[in-house]
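For reference, the chains in residue letters:
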Amino acid sequence: MTKGQQVYADQKCGLCHSIGDKGNKKGPLDGVGSKLSATDLRLWMTDAKAMTEKTKSTRKPEMKSYNLPKGDLDALIAYMQSLKK
C-alpha cells in the first residue's frame, strides 16, 4: 500500500468516496487523476468550501476541509493523480 492509499484509508475517505468497488458509490474517484489537476485536488482537500462554490457542486453533505501534514497531503494528492482511466 502506498502512503497516499494509507492516508486515504486513515482519513476514512471511503465513507463518502469510492475507488473501484470499495467505498461510497455516490462519490466515485475513479479517473479523478485524469479530470483534476494537482492544484484543484489540493484545494478540494484544504478549502472544500471554496471549491464547492467554484464548481457549483450540489453534492450533500458538502466535503469538509482537512488540515493534514504536508507529507500526508502530498501523498494523498499523488495517489489521486494516479487514478486515471
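First things first, this report covers the structure right here in the doc. (Residues numbered from 1 in each chain as written. Predicted model: local features only at pLDDT ≥ 70, side-chain atom pairs only at ≥ 80, totals over all residues. Heavy atoms only, no water.)

**Here we look at the pattern of salt bridges**
Stage number 1. Within the structure shown, the criterion is met by 5 salt bridges.
Stage number 2. Note that Lys3 and Asp72 form a salt bridge whose closest N and O atoms lie 3.2 Å from each other. Of this pair, Lys3 sits in helix α1 (residues 3-10) while Asp72 sits in helix α5 (residues 70-81), and the two are 69 residues apart along the sequence.
Stage number 3. On the basis of relative accessibility, which here comes to 46%, the residue Lys3 falls in the partly exposed class.
Stage number 4. Residue classification places Asp72 among the partly exposed residues on the basis of a relative accessible area of 23%. (Salt bridge = Lys/Arg side-chain N within 4 Å of Asp/Glu carboxyl O. Helix = DSSP H or I, 4+ residues; strand = E, 2+ residues; numbered from the N terminus. Buried < 20%, exposed > 50% of the residue type's maximum accessible area, 1.4 Å probe, protein only.)

**A few points about the side chain of Thr52**
Stage number 1. Of note, Thr52 is situated in helix α4 (residues 48-55).
Stage number 2. The exposure class of Thr52 is buried, given its relative accessible area of 9%.

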